[in-house]
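Remarks on the overall topology
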Amino acid sequence: MTTVDHKDIGVLYLLTTIVFFVIGGVEALLIRLQLAVPRNTFLDPATYNAVFTMHGTTMIFLVVMPLLLGFANYIVPLQIGARDMAFPRLNAFSYWLLLFGGILLYWGFLNGTPPDTGWFSYAPLSERPFTLESSVDYWALGLLVTSFGTIATGVNMLVTIVKLRAPGMGWFQMPVFSWMSLVTAFLILAAIPSLTAAQIMLLFDRYLGAHFFDPAAGADPILYQHLFWYFGHPEVYIMALPAFGIISEVVPVFSRKPLFGYPVIVASGIAIAFLSLTVWAHHMFTVGEGQLADAAFGLTSMTIAVPTGIKVFSWLATLWGGRIRLTTVMLYALAFIVQFTFGGLSGIHFATVPVDWHTHDSYYVVAHFHYVLGGGSLFAILAGMHYWFPKITGRMLDERLGKLGFWMMVIGFNLVFFPMHILGLMGQPRRTYTYPDLPGWGPINFAETIGAFIVTLAVAVIVLNMLRSLRSTVRAPDNPWNGWTLEWATSSPPPPENFVALPPITSNRPLYDLPHAAARVAGQIREVRWRTPMVGIGAFIFSEATFFGALIAAFLEYRTRSVYGPSVHDLDVPRTVVFSLFLFASSGTIYLAERSLHRDRQRGFLVWWAVTIVFGAIFLTNQLLEYARLYSEGVTIASNLFTTTFYTLTGFHGLHVFVGLIALSTIWLLGRRGEFRLGRRQVAVDAVSVYWHFVDAVWVVVLSLVYLLGLVL
Amino acid sequence: MSESHDEVVHLPSPSAWPFVLGGGVTLAAFGVPTNLFFTVVGALLVAWALVGWIRDMLHE
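Here goes a summary of the coordinates provided. Not measured: the values here are computed from a predicted model.

**Section: the overall build of chain B**
Check the secondary structure of chain B and you find 2 helices and 0 strands. Carbon and sulfur atoms make up 71% of the accessible area of chain B, which amounts to about 3500 Å² in all.

**Side note on the overall build of chain A**
In terms of helices and strands, chain A carries 20 helices and 0 strands. A globule of 713 residues ought to have a C-alpha radius of gyration of about 27 Å, and chain A, at 27 Å, matches this closely. Taken along the three principal axes of its C-alpha coordinates, chain A extends 75 × 70 × 45 Å. Counting every position in chain A, which comprises 713 residues, the buried fraction comes to 60%. In chain A, of all internal contacts separated by at least 6 residues, the share reaching a separation of at least 24 is 83%. For chain A, the exposed area adds up to about 26500 Å²; of that, 71% sits on carbon and sulfur atoms. Counting 41 positive and 38 negative side-chain charges, chain A places the averaged centre of each group 13 Å from the other.

**Thoughts on the packing of aromatic side chains**
For any pair of aromatic rings, the description consists of the separation of the ring centres together with the inter-plane angle of the planes. Residues and elements named next belong to chain A. For the structure on display, the rule yields 73 aromatic pairs over all chains. Here the aromatic rings of Trp96 and Phe100 are separated by 5.9 Å at their centres, their planes lie at 25°, and the arrangement is stacked. Taken together, the residues span about one helical turn, with Trp96 and Phe100 both in helix 3 (residues 88-110) at a distance of 4 residues. Assigned by exposure class, Trp96 and Phe100 land together as buried. Ring centres of Tyr435 and Trp441 lie 6.3 Å apart, and the angle between their planes is 50°; on these two criteria the pair is classed as tilted. Take Tyr435: its relative accessible area is 3%, and that puts it in the buried class.

**Topic: the packing of helix 4 (residues 135-163) of chain A against helix 1 (residues 17-31) of chain B**
Taken N-terminus to C-terminus, the directions of helix 4 of chain A and helix 1 of chain B make an angle of 160°; their axes are 10 Å apart at the nearest point. When the interaxial angle is binned, helix 4 of chain A and helix 1 of chain B end up roughly antiparallel. Seen along the crossing, helix 4 of chain A lies across helix 1 of chain B with a hand that is right-handed. When helix 4 of chain A is examined against helix 1 of chain B, the residues Tyr138, Leu141, Val145 and Phe148 of chain A are found in contact with a partner set consisting of Val25, Thr26, Ala29 and Phe30 of chain B. Residue composition of the contact of helix 4 of chain A with helix 1 of chain B, by class: 7 nonpolar, 1 polar and no charged.

**With respect to the interface of chain B and chain A**
Each partner contributes to the interface: chain B provides 29 residues, whereas chain A provides 38 residues. Approximately 3100 Å² of surface area, both sides summed, lies buried where chain B meets chain A, with 72% of it carried by carbon and sulfur atoms. For the pair chain B and chain A, the number of links is 0 salt bridges. If you look at where chain B meets chain A, you find 2 residue pairs in polar contact (both at pLDDT 80 or more). Elements with a contribution of two residues or more to the side of chain B that touches chain A: helix 1 and helix 2 (36-58) of chain B. Sorting elements by how many residues they give to the side of chain B that touches chain A places helix 1 of chain B first, with 9 residues.

**Considerations on helix 13 (residues 399-426) of chain A**
Residue and element names in this part refer to chain A. Between its first and last C-alpha atoms helix 13 spans 41 Å; for 28 residues at 1.5 Å apiece the expected length is 40 Å, and the two agree. When the local axis directions of helix 13 are compared, the greatest deviation, roughly 30°, occurs at Leu415, which is followed within four positions by the proline Pro419. If you check the start of helix 13, you find a side-chain oxygen 3.3 Å away from the backbone N of Arg400, and it comes from Asp398. Two residues or fewer past helix 13, Gly427 is found with a positive phi of approximately 105°.

**Examining the side chain of Arg395 of chain A**
All names here are of chain A. Relative to the assigned elements, Arg395 resides in the loop between helix 12 (363-393) and helix 13. The buried charged residue Arg395 lacks any salt bridge, with Asp478 as its nearest oppositely charged partner at 11 Å. Polar side-chain contacts of Arg395 include one of 2.7 Å to the backbone oxygen of Ser472. The residues touching Arg395, leaving out its near neighbours within four places in the chain, are Phe389, Pro390, Ser469, Leu470, Ser472, Val474, Arg475 and Ala476.

**Some details on the side chain of Thr57 of chain A**
All names here are of chain A. By secondary structure assignment, the location of Thr57 is in helix 2 (residues 45-79). Look at Thr57 and you get buried, because its relative accessible area is 0%. Here Thr57 is in contact with Leu62, Leu105, Trp119, Trp139 and Leu143, once residues within four sequence places are set aside.

**A closer look at the environment of Asn40 of chain A**
All names here are of chain A. Its location among the elements puts Asn40 in the loop between helix 1 (6-35) and helix 2. Expressed as a C-alpha distance, the spacing of Asn40 and Asn111, which sit 71 residues apart in the sequence, is 26 Å. Engagement of the side chain of Asn40 in a polar contact is seen with the backbone oxygen of Leu33, the distance being 3.0 Å.

**Some points on the nonpolar core**
Among the nonpolar cores identified, the biggest contains 244 residues, and Phe336 and Trp609 of chain A are the most heavily contacted of them. Excluding anything up to four places from it in sequence, Phe336 of chain A contacts Ala243, Phe244, Ile247, Trp315, Thr341, Gly375, Gly376, Ser377, Phe379 and Ala380 of chain A.

Criteria and cut-off values
Residues numbered from 1 in each chain as written. Chains lettered and ligands numbered in written order. Predicted model: local features only at pLDDT ≥ 70, side-chain atom pairs only at ≥ 80, totals over all residues. Heavy atoms only, no water. Helix = DSSP H or I, 4+ residues; strand = E, 2+ residues; numbered from the N terminus. Areas by Shrake-Rupley, 256 points an atom, 1.4 Å probe, with all protein chains shown as cover. Rg over C-alpha atoms; globule rule 2.2 N^0.38 Å. Buried < 20%, exposed > 50% of the residue type's maximum accessible area, 1.4 Å probe, protein only. Contact = heavy atoms within 4.5 Å. Lys, Arg positive; Asp, Glu negative; His and termini not counted. Charge placed at Lys NZ, Arg CZ, Asp CG, Glu CD. Phe/Tyr/Trp six-rings, centres within 6.5 Å; stacked < 30°, edge-to-face > 60°. Axes fitted to C-alpha atoms, helices over the stretch in contact; angles between N-to-C directions. Parallel < 35°, antiparallel > 145°, perpendicular 65-115°, else oblique. Left-handed = near helix turned anticlockwise from the far one by under 90°. Nonpolar A, V, L, I, M, F, W, Y, C, P; charged D, E, K, R; others polar. Buried area = accessible area lost by both parts, 1.4 Å probe. Salt bridge = Lys/Arg side-chain N within 4 Å of Asp/Glu carboxyl O. Polar contact = N/O pair within 3.5 Å; in protein donor to acceptor, adjacent residues only side chain to side chain. Expected span 1.5 Å × (residues − 1). Bend = angle between axes of the 7 residues up to and from the residue. Core = buried A, V, L, I, M, F, W, Y, C linked by side-chain atoms within 4.5 Å.

The following block contains the structure:
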């Protein structure tokens with residue numbers, strides 16, 4: 001309960017996600033049992049809805065994503081030769097949020113109101129009139145909690161990789177798994193806050209009577225889909241990029257060749273991350289976005305196939321001419337390459353708009369994303385588990401049992417999901433609790449159910465293999481696979497401090513260079529000049545910008561769509577502009593405070609810092625008074641669409657000012673105790689200061705868009 | 001960059017504050033669909049954990 005060691009936390013992640021995997025797996029079995037024969041009555045429609053909702057939500061948010069983050073937690077600090085993550089306690093905090101958020105999600109399940117609106121809980125189905133009970137609330141709140149943890153992990157991972165690499169490890173001496181974890185961290189910060197914003201809007205609609213997704217007030221429920229998929233598609237790559245990283249580690253080691261085209265593999269990973277932020281609306285071709293939008297999003301979606309294809313060809317070229325060792329690890333990696341490519345190809349079908357119209361919401365979609373996330377990510381995870389198991393536990397897995405598990409997994413997996421392509425093309429809709437006895441449907445579905453049970457047996461074999469190995473007394477060697485990256489340069493399992501001594505690092509394969517006496521000279525590594533906490537606050541601000549971006553997008557989209565009620569003319573613009581000056585001035589005073597501190601003038605620091613607090617408090621007080629005035633005039637968040645977006649946007653900004661004031665006051669109290677004398681802990685002051693500047697900058701945008709723009713137009 | 005290898009390795013000491021803070025945040029969220037009493041307790045836990053966390057940092 002108190003550990004902050006990245007290896008312990010990594011193991012906790014893995015154990016927790018395995019438990020959730022079993023739960024999500026049982027839900028999958030229930031689905032397959034219900035669908036085994038036509039017109040089955042094993043599950044009633046309501047239970048079926050709950051089961052597939054929980055299956056999807058569990059597998060994505062509580063299994064695949066945290067499993068990969070768990071690996072990153074354990075492996076990345078080792079691969080880059082670091083002692084731990086940059087912020088070990090924040091790391092522990094992330095883990096607890098995953099566990100507690102998962103329990104909160106399942107609380108609804110346990111008390112009889114399970115979430116049942118699908119893993120994306122589209123509005124308006126998830127709105128109060130259509131879902132009265134608290135089921136959606138547990139979905140939204142549970143995921144809000146886990147998302148905070150994921151964002152914290154994104155910050156932590158990014159800072160760790162940017163700042164804590166061992167001497168000599170420049171960007172292009174970094175193992176690919178660490179590279180992909182870095183790119184994933186960026187995507188987490190860029191995408192997850194959009195989901196957070198959508199869920200907060202949904203909760204505001206449900207609890208405060210707001211109108212974000214209420215067509216009667218002029219709102220557009222499609223906004224929910226945009227916000228959801230702006231998160232949802234990058235999420236696919238948050239679950240795929242680390243998997244690419246694992247495969248890029250495994251394939252070279254078991255081919256005894258360096259990775260073909262290392263820089264291209266890295267560059268294509270970065271390209272995928274950026275492109276994945278531009279494709280979200282391909283999940284929404286059937287809502288009718290117009291030809292231009294359809295064409296644009298179809299094009300960007302197809303473009304992603306290029307960097308992804310480059311990766312596949314790089315792996316194949318690595319295999320070509322290599323001395324391939326067909327261990328269990330390698331088998332999983334090879335199956336990944338085949339199955340993931342298969343899933344990628346059906347993805348291109350969905351990028352083709354007319355094909356998408358025909359196959360949307362059919363089992364073709366279910367087949368596609370299970371090939372990507374099951375045949376892809378899950379197989380990569382299994383490759384990683386078998387690969388790093390000796391390092392993590394100090395025990396070897398049995399190869400014969402491993403291969404038995406692998407073959408059962410491959411056969412079972414493909415038996416479940418391959419026929420779904422056919423059923424989808426035949427027209428079987430997804431998310432429907434049963435189906436009519438049409439020619440061919442019954443036998444194909446029955447075969448899929450048999451496949452699901454083979455997968456279950458495969459999981460049992462894999463778990464049994466692990467338990468058997470854990471009980472064995474035979475120790476694993478430090479480097480059983482002759483790997484080349486730094487995690488294999490320490491004992492299995494590693495000591496608490498990770499390394500006794502690091503080998504020299506001159507390439508991305510330091511352990512290969514060691515006996516080969518590489519004549520290379522370590523390149524001059526340019527260090528990132530920002531101090532560690534400053535990189536952290538920068539990353540955090542980046543995720544905050546996404547969050548505010550979503551709120552601002554909602555405000556702009558709805559600015560002129562209120563069909564009745566208050567508008568910008570009910571706001572006291574001149575007064576707000578005057579009080580805004582206090583906030584803007586506080587950016588100047590905090591700068592003066594910092595300047596005093598850097599010259600070790602404690603008194604000047606405390607005075608200017610106090611002025612900053614007072615200015616911030618004046619601004620916030622005025623905002624509260626304005627709210628009070630508006631409420632007394634009957635202008636509430638529930639009044640109309642304008643007030644809904646107005647209160648949410650300005651309210652969240654106000655909340656940030658409030659949090660900032662607490663942080664400022666804490667710094668001031670510590671400063672009075674002399675905690676920042678002689679340059680000590682100055683970075684804490686600088687971090688709070690940067691946050692405060694950010695809060696000010698957001699207000700510049702909000703003031704311009706909400707108050708000033710509204711008057712001009 | 002990481003520290004050089006001849007100095008004494010400094011590893012952060014174990015801490016229960018991340019656990020308490022995580023519990024506080026979750027309890028606060030749990031209160032929304034059930035009873036705001038839990039939200040209040042959760043918020044108090046958050047405050048307690050933050051104070052403890054910062055105190056620990058000052059002792060390093």
